[in-house]
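Analysis of the macromolecular model
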Amino acid sequence: MDNYTELQKKIEEAIQNQIPENPDRKWLDFYFRDTFLDVSPYMIKPLSEPCRELVNRGGKRWRPMLMVLTEKAFNGTENSISLAPALEFVHTASLIHDDIEDQATERRGGKAIHLLYGTDTAINSGSWLYFHGGNVLNRYLCPPEEKNRITDCFFSNLEKLHLGQALDISWHRDSGFYPAEKEYLLMVSLKTGTLANMAGEFGAIAGKQEGRTVSECGAAFRMAGMGFQIIDDVINLKTGNPGKLRGDDIVEGKKSLPVILYANLHKGTEKLTEIFKTAGKEGITSGAVEEGIKLLSGSGAIDKALEKGKTLIYESMEKIGRIFPPGEAKDGVIAMLEKMIPQNL
């Protein structure tokens, strides 16, 4: 798309405007009105600084990009750019909390936020960012009925995200428990798919669509989100994710799709369970990490998971091909989804 870079700049600007380094009086009064005393800019730093740190390390921003392109495809407008912070703030908040829950040490090429600022500050600022994302919706200019639909979409998806995280936590806490593949797919559709679903629904609602079209856009992007997560987990075991340590999913005892597929291929999972326990105790430098990767790779489970991730993204592209009207925005969405599929794994 010719306007791809320009659109990215607009999205980034919208995000930065809603989490300013030095908030002015107008920003403070909008978000912290009706307090007993005026809130001063320095008071915001314990909330905003940890969040800004992670936001400014970058990120793919593919969810807000897909959202705006969806709106453009249906209505030719870009009003949903002002909703981009809501999507990115929820995502960022989930990463801060996820790293605390997993005791992760790195994120996006730097120290995890709780290690930089303390766990107490990270929990509090991450929680605020969820609420701030919701409050950003108050600034979105649209008819009341449209705003109600967007707000309902935001909070219903937020609940689903936390249910997915609850399942993920409970599974990796029990090193000997291996969920069925359909249970795993439900979990990842909730934990990762819901934000992509929100992006699709936000874009369709902003594009003046209703009912079935909104649901279909959300479902198509949810599939892409699921595929993205599966591929991300495969990368963790093959080459390592940028900004994270290779194989740290083994240390966390994460029941990713390669693990689920291995469990389905082998009646006995005692060896893998022991690897999880050892890696969990000894950390990322444990020989159990490479042993686990070798076990999963040798069984074919990693490659099989990779194909599943690719298939979900291809199916998402096929759905978009049927739902979206022809045009540059549709082509841009298809191109973005296609880029999620790695060519060198």
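Above this text is the structure in question.
Since we're looking at a predicted model, the values are computed, not measured.

1. Section: the pattern of salt bridges
- Under the defined criterion, the tally for this structure stands at 19 salt bridges.
- Note that Arg-107 is salt-bridged to Asp-98, the shortest N-O span being 3.7 Å. In this structure, Arg-107 and Asp-98 share a single accessibility class: buried.
- Asp-168 is the salt-bridge partner of Lys-191, the closest N and O atoms lying 2.6 Å from each other. With Lys-191 in helix α9 (residues 181-191) and Asp-168 in helix α8 (residues 144-173), this pair connects stretches of sequence that are 23 residues apart.
- Accessibility expressed as a relative area gives 17% for Lys-191, which makes it buried.

2. Points about the packing of α8 against α9
- Two elements in contact, α8 and α9, have axes separated by 7 Å at closest approach and are oriented at 135°. For the element pair α8 / α9, the angle class is oblique. As α8 packs across α9, the resulting crossing turns out to be left-handed. Contacts between α8 and α9 pair Lys-160, Leu-161, Leu-163, Gly-164, Gln-165, Leu-167, Asp-168 and Trp-171 from the former with Glu-183, Tyr-184, Met-187, Leu-190 and Lys-191 from the latter.
- Grouping the amino acids of the contact of α8 with α9 by side-chain chemistry returns seven nonpolar, two polar and four charged.

3. A look at the nonpolar core
- Within the largest apolar cluster, 104 residues are counted, with the highest numbers of intra-cluster contacts made by Phe-202, Ile-250, Phe-324 and Leu-337.
- When residues of this core are assigned to their parent elements, the largest contribution, 13 residues, is made by helix α11 (residues 211-238).
- Those residues in contact with Leu-337, other than ones at most four positions away along the chain, are Leu-66, Ala-224, Ile-313, Ser-316, Met-317 and Ile-320.

4. Looking at empty space enclosed by the protein
- Within this structure, the stated rule accounts for one cavity of 30 Å³ or more.
- Taken as a whole, the largest cavity spans an internal volume of roughly 40 Å³.
- Residue lining of the largest cavity: Asp-168, Tyr-184, Met-187, Val-188, Lys-191, Thr-192, Gln-229, Asp-233 and Lys-254, and that is the complete set.
- When residues of the lining of the largest cavity are traced back to their parent elements, those giving at least two are α9 and α11.

5. Things to note about unusual backbone geometry
- Positive phi is not limited to glycine here, since Arg-61 has a value of about 55°.
- Within the secondary structure, Arg-61 sits in the loop between α3 (41-55) and α4 (62-75).
- The phi dihedral of Arg-108 falls on the positive side, at around 50°, and the residue is not glycine.
- Note that Arg-108 resides in the loop between β1 (106-107) and β2 (110-111).

6. Let's talk about the packing of aromatic side chains
- Counted under the stated rule, the structure contains eight aromatic pairs.
- An angle of 85° between the planes, with centres 5.0 Å apart, marks the rings of Phe-154 and Phe-155 as edge-to-face.
- The class for Phe-155 is partly exposed, based on a relative accessible area of 44%.
- Judged by centre distance (6.5 Å) and plane angle (45°), the rings of Trp-171 and Phe-177 are tilted.
- Three or more aromatic residues link up through ring pairs in this structure, and these residues are Trp-27, Phe-30, Tyr-31 and Phe-32.

Procedures and definitions
Residues numbered from 1 in each chain as written. Predicted model: local features only at pLDDT ≥ 70, side-chain atom pairs only at ≥ 80, totals over all residues. Heavy atoms only, no water. Salt bridge = Lys/Arg side-chain N within 4 Å of Asp/Glu carboxyl O. Buried < 20%, exposed > 50% of the residue type's maximum accessible area, 1.4 Å probe, protein only. Helix = DSSP H or I, 4+ residues; strand = E, 2+ residues; numbered from the N terminus. Axes fitted to C-alpha atoms, helices over the stretch in contact; angles between N-to-C directions. Parallel < 35°, antiparallel > 145°, perpendicular 65-115°, else oblique. Left-handed = near helix turned anticlockwise from the far one by under 90°. Contact = heavy atoms within 4.5 Å. Nonpolar A, V, L, I, M, F, W, Y, C, P; charged D, E, K, R; others polar. Core = buried A, V, L, I, M, F, W, Y, C linked by side-chain atoms within 4.5 Å. 1 Å grid on protein atoms, 1.4 Å probe; cavity = no way out; pocket = protein on both sides within 12 Å on 5 of 7 lines; lining within 4 Å. Points joined across faces, edges and corners; volume = space filled by probe spheres on them. Phe/Tyr/Trp six-rings, centres within 6.5 Å; stacked < 30°, edge-to-face > 60°.

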